[in-house]
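Working through the structure, step by step
Chain by chain, the residues:
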Amino acid sequence: MKRYFKKVSRPEETSSSTKNNVDSESSKKDELEAILDNLPSDPARRKRILDYDPNIRDQVRRRYLLKGPCQPRNHEFPQTLLSGTKRRFVPSWFDEHLEWLEYSIENDAVFCLCCYLFKPHHGDQGGGDKFTCKGFSNWKNKKGLQDHVGGLGSVHNQALLNCQALMNQKQHLESVISRQLESSKHNYYTLLNASIDCVRFLLRQGLAFRGHDESEFSNNRGNFLELLEFLAEHNDSVKAVSFENAPRNLQLTSPVIQKDIINAAAVETLNAIMFDMGDAPFSILVDEARDHSVKEQMAVVLRYVDNKGQVIERFVGIQHVKSTDARSLKLAIDELFSRNGLSISNLRGQGYDGASNMQVTRVVNIVGASCKRRDLLREQQQNEVMEALHNDELLSGRGLNQETTVKRPGDTRWGSHYGTLLSIISMFSSTIKVIEMIIEDGTYPDQRGEGNLLLAQMQSFDFIFCLFLMRQVLGVTNDLSQALQKNDQDIVNAMDLVKACKQQLQTMREDECEWDNFLDKVYSFCGKHGIRIPNMDDVFVAQGKSQRRAEKITNLHHYRVEVFYTVIDRQLSDLNDRFNEVNSELLVCVASLSPDNLFYAFDKQKLLRLAKFYPRDFSERDVLSLEDKLDIYLNEMRSNSEFSQLKGIGSLAKKLVETRKHKTHASVYKLLTLALVLPVATASVERVFSAMNIVKNPLRNRMGDQWMNDSLLVYIEKDIFNSIGNDAIMQRFQNMRTRRGQLPSRS
């Protein structure tokens, strides 16, 4: 019977099948995007083009052609012994075969991009598999490259023509079938330009694109569609080509289109950064943090000196790493270098932040857990201020005694913890009263129990002692922390601040008056708030520990030696570890470049020693030449009034470029740039994570890694992004894949 009668499917089966097909299509698109985003750059790491699914081969080929041949021009090519002579690859060969020649760092061999993408199986023609799988490394036989190219109808030239045809959309079958009128091209241009404007606005503000319900009758279709609709309502030319006035298959509003535009904008921004950096030496600043989806993300910032002598720090990417060990981070950095065409030979410094963040105190969490508790705290603080003003304990005036609350420490700012300590001290009595109210009015036993425990801890001498100690220690390092967060901070100024912090901490530890003054502050605070002060000559009793085997020590010994000295020693040890004796010689040499007080710190021998720290930049011959040039440089700088008021090596570099003296004293300027690119702090990377929490917030925690990277790049580097025109983004967008719409021809 089944041969003669067709089975009728049920409605629920039909709807279920349709839903499965939609999910399958979405899954296939995600898989394709993942494949295209992770194509290896090194030719030796690629799999054969025939191993890809036939349906996606053209898209893989197009992506490789957009990226261009892998040509690491600044790589130090190793030498190989061939017939008794050491030979290596010559970078100038790239210029002779710009369109197809590739070099594999992993195999030390060259490949042909065109033949890899389109070469048919014709035996040994075009070099066989030598230029596609094995690699050509016979450096003494340069003619082998020309032999591979062959004559007009060679396999290589046929592959090259296929590459050009693939990138020329006018020859595509889809474009030929759907050839449009010139007016349609202008309509497409207008709509795409409007979509890019909307994307540009949302990216600059770090806003979400999608909406929960994007249907036609929804009250809120998401930021992108709502913004495009707003633009259409206020611009007749956009309204004429968008939404219902646009072809149903060419409305440029789908999530895929949005992601493509974002990626095009990010790639153009990154290319502009790389162009600005050029072949200048640079350092990398690396840090890792978890995003809202609990993924470990590694952010990378490049520090370099631009052609104006200005120190620049640019964010170049964030990458998900499964592990934060050294090997995983190195592989991620290597991939980033390969993808962006960066050379390890230009790397002059590395900065990593290995410090973990402080735990947020329970005081802030409990007192500021709800709006009601914060209002209680403000009310109590207001009553305290009014009473103090009535008793003439506070001064009144404009800007004084403003409404405040307990400051919550930030996730990426050490200086915010200092502010938290100050707010707790200034609002201590108000905080105590709020906790007492929580205990009295608590609904659950857990709330009352936690409140009682916290109240007992806060009203103890131990808490007050540690509170004032951490306030004083962080107060010493707060200026250093704030200064290191400046993008233009140089290593000389940083070392002066570190030295001052060390001296102040050492004075706190050794000066008897410092201890007495500190203890007086603690005693005064405890007396004001009714907190019991222990007798310093009594035996110290540690709570929760057995007293039988405990060493008999006095309270004075415990608080001064085991707490006060220990905290200061740990802070000094941390500063000494980060700025140890191994680096001191380099830093002292860098200080000799300072122009302060008419180059008072200038030391010829130290500058020569500094040059020897960089053998790649200064050969022995260059060092000898530098020795003769330094005296001339010093005499000219001291006799020129334009250099008499300079402060810091950063201002010296900019002034040299402004007066074009950087070409006259090229060797000294090179030393300056090498000193300026030394990483001082990772504050720029910390700002990346602050931006990450804005772009990938709890409501957008399912954002993909590539989308987050692209959004972060343009959000952080707004000044570069703003300098890129819509036409450049359009062209990049068009070349990413075959589009139904075509842009009008350029006049």
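Residues numbered from 1 in each chain as written. Predicted model: local features only at pLDDT ≥ 70, side-chain atom pairs only at ≥ 80, totals over all residues. Heavy atoms only, no water.

**Focus on the overall build of the chain**
Looking only at helices and strands, the chain has 33 helices and 8 strands in total. Going through the 747 residues of the chain one by one, you find that 44% of them count as buried. Of the accessible surface of the chain, which amounts to about 41,500 Å², a share of 49% is contributed by carbon and sulfur atoms. (Helix = DSSP H or I, 4+ residues; strand = E, 2+ residues; numbered from the N terminus. Buried < 20%, exposed > 50% of the residue type's maximum accessible area, 1.4 Å probe, protein only. Areas by Shrake-Rupley, 256 points an atom, 1.4 Å probe, with all protein chains shown as cover.)

**A few points about the confidence of the model for the chain**
Averaged over the chain, the pLDDT score is 81; the fraction of residues at 70 or greater is 81%. Low confidence marks residues 354-365, where pLDDT is under 50. Its contacts with residues over four positions away, or in another chain, come to 31 contacts. Scored below 50 in pLDDT, residues 393-414 makes 56 contacts in the model with residues more than four places away or belonging to other chains. (pLDDT = per-residue confidence, 0-100. Contact = heavy atoms within 4.5 Å.)

**A look at helix H17 (residues 428-441)**
Counted at 1.5 Å a residue, the expected span for H17 with its 14 residues is 20 Å, and the 20 Å between its end C-alpha atoms agrees. Regarding H17, the residues found buried are Phe428, Ser429, Ser430, Thr431, Ile432, Val434, Ile435, Ile438 and Ile439. (Expected span 1.5 Å × (residues − 1).)

**Re helix H13 (residues 326-340)**
Taking 1.5 Å per residue as the helical rise, H13 with its 15 residues ought to reach 21 Å, and the 21 Å between its terminal C-alpha atoms agrees with that figure. Among the residues making up H13, those that are buried are Leu329, Ala332, Ile333, Leu336, Phe337 and Asn340. Axial view of H13: buried residues confined to an arc of 140°, hence all on one face. Facing away from the buried side of H13 by more than 90 degrees, the exposed set consists of Arg327 and Lys330. At the C-terminal side of H13, Gly341 shows a positive phi close to 70°. (Arc of directions from axis to C-beta.)

**A few points about the nonpolar core**
As a rule of thumb, nonpolar side chains are buried together in soluble globular proteins. Counting residues in each nonpolar core, the largest one holds 74 residues, and the members touching the most others are Leu192, Phe282 and Leu302. Sort the elements by how many residues they give to this core and helix H12 (residues 255-277) lands first, with 10 residues. Judged by nonpolar contacts, the second largest core, of 40 residues, contains Ile432, Ile464, Leu469 and Tyr559. (Core = buried A, V, L, I, M, F, W, Y, C linked by side-chain atoms within 4.5 Å.)

**Some details on the side chain of His662**
When you line up the elements, His662 lands in helix H28 (residues 661-664). Residue classification places His662 among the buried residues on the basis of a relative accessible area of 16%. His662 has contacts with Leu656, Val657 and Tyr669, leaving out every residue within four places of it along the chain.

**Focus: the side chain of Gln734**
Within the secondary structure, Gln734 sits in helix H33 (residues 726-736). A relative accessible area of 4% means that Gln734 is categorised as buried. Of the polar contacts made by the side chain of Gln734, one reaches the side chain of Tyr188; its length is 2.5 Å. (Polar contact = N/O pair within 3.5 Å; in protein donor to acceptor, adjacent residues only side chain to side chain.)

**Comments concerning the pairing of strand S5 (residues 282-290)**
For a regular strand, side-chain orientation follows a simple rule: the groups alternate between the two sheet faces. The element S5 is extensively covered by neighbouring structure, given that 7 of its 9 residues are classed as buried. Taken together, the 9 bridges between S5 and strand S6 (residues 296-305) define a ladder with antiparallel strand orientation. Bridge pairing links Ile284 to Leu302 in S6. Count of turn residues in the S5/S6 antiparallel hairpin: 5 residues, of which Val294 carries a positive phi of about 60°. (Pairing = 2+ DSSP bridges.)

**As for the packing of helix H27 (residues 649-658) against helix H29 (residues 666-676)**
Their axes nearest at 10 Å, the elements H27 and H29 cross at an angle of 140°. With respect to each other, H27 and H29 are oriented oblique. Helix-helix and strand crossings are classified by hand; for H27 and H29 the assignment is left-handed. Of H29, the residues touching H27 (which contributes Ile649, Gly650, Leu652, Ala653, Leu656 and Val657) are Tyr669, Leu672, Ala675 and Leu676. A class-by-class count of the residues in the contact of H27 with H29 yields 9 nonpolar, 1 polar and no charged. (Axes fitted to C-alpha atoms, helices over the stretch in contact; angles between N-to-C directions. Parallel < 35°, antiparallel > 145°, perpendicular 65-115°, else oblique. Left-handed = near helix turned anticlockwise from the far one by under 90°. Nonpolar A, V, L, I, M, F, W, Y, C, P; charged D, E, K, R; others polar.)

**Remarks on the environment of Tyr559**
Along the polypeptide, Tyr559 turns up in helix H22 (residues 555-578). Owing to a relative accessible area of 6%, Tyr559 belongs among the buried residues under this scheme. Between the C-alpha atom of Tyr559 and that of Phe540, which follows or precedes it by 19 residues, the distance is 9.3 Å. Separated by 2.3 Å, the side chains of Tyr559 and Asp462 make a polar contact.

**Side note on unusual backbone geometry**
Of note, Val294 is a non-glycine position whose phi angle comes to about 60°, a positive value. Judged by its relative accessible area of 59%, Val294 falls in the exposed class. Although it is not a glycine, Arg660 sits at a positive phi angle of roughly 60°. Mapped onto the elements, Arg660 comes out in the loop between H27 and H28.

**Some details on the pairing of strand S7 (residues 311-320)**
By the criterion of burial, S7 is predominantly enclosed, with 8 of the 10 residues buried. Pairing geometry for S6 and S7, over 9 bridges, is antiparallel. Across the sheet, the residue bridging to Leu302 is Arg314, located in S7. Between S6 and S7, which pair antiparallel one after the other, the connecting turn spans 5 residues, and Gly309 there sits at a positive phi close to 80°.

**Quick look at the packing of aromatic side chains**
By the definition in use, this model includes 28 aromatic pairs. Consider the rings of Phe461 and Tyr523, whose centres lie 6.3 Å apart with planes at 40°: the pair is tilted. With Phe461 in helix H19 (residues 461-484) and Tyr523 in helix H21 (residues 512-528), this residue pair connects regions lying 62 residues apart in the sequence. The class of Phe461 is buried, set by a relative accessible area of 5%. One Lys or Arg, Lys670, reaches over the ring of Phe618 and ends 5.2 Å from the middle of that ring. Against the face of Tyr715 rests Lys718, its NZ or CZ located 3.7 Å from the ring centre. (Phe/Tyr/Trp six-rings, centres within 6.5 Å; stacked < 30°, edge-to-face > 60°. Lys NZ or Arg CZ within 6 Å of the ring centre and 35° of its normal.)

**Quick word on the state of the cysteines**
Within this structure, the stated rule accounts for 0 disulfides. Counting only cysteine sulfurs, Cys163 is the nearest neighbor of Cys114, a cysteine outside any disulfide, at a range of 3.9 Å. (Disulfide = S-S within 2.5 Å.)

**Things to note about the pattern of salt bridges**
Applying the stated rule across the entire model yields 27 salt bridges. Its salt-bridge partner being Arg314, residue Asp719 comes within 3.0 Å of it at the nearest N-O pair. Highlighted residues: Asp719 in helix H32 (residues 718-722) and Arg314 in strand S7, separated in sequence by 405 residues. On the accessibility criterion, Arg314 (11% relative accessible area) is buried. Taken together, the salt bridges that share partners define one network made up of Glu33, Asp260, Arg737 and Arg739. (Salt bridge = Lys/Arg side-chain N within 4 Å of Asp/Glu carboxyl O.)

**Observations regarding the environment of Leu98**
Summarising the element assignment, Leu98 is placed in the loop between helix H3 (93-96) and strand S3 (101-104). Separated by 27 residues in the primary sequence, Leu98 and Gln71 have C-alpha atoms spaced 8.9 Å apart. Sequence-distant contacts of Leu98, that is, excluding residues within four places in its chain, are made with Pro69, Gln71 and Arg73.

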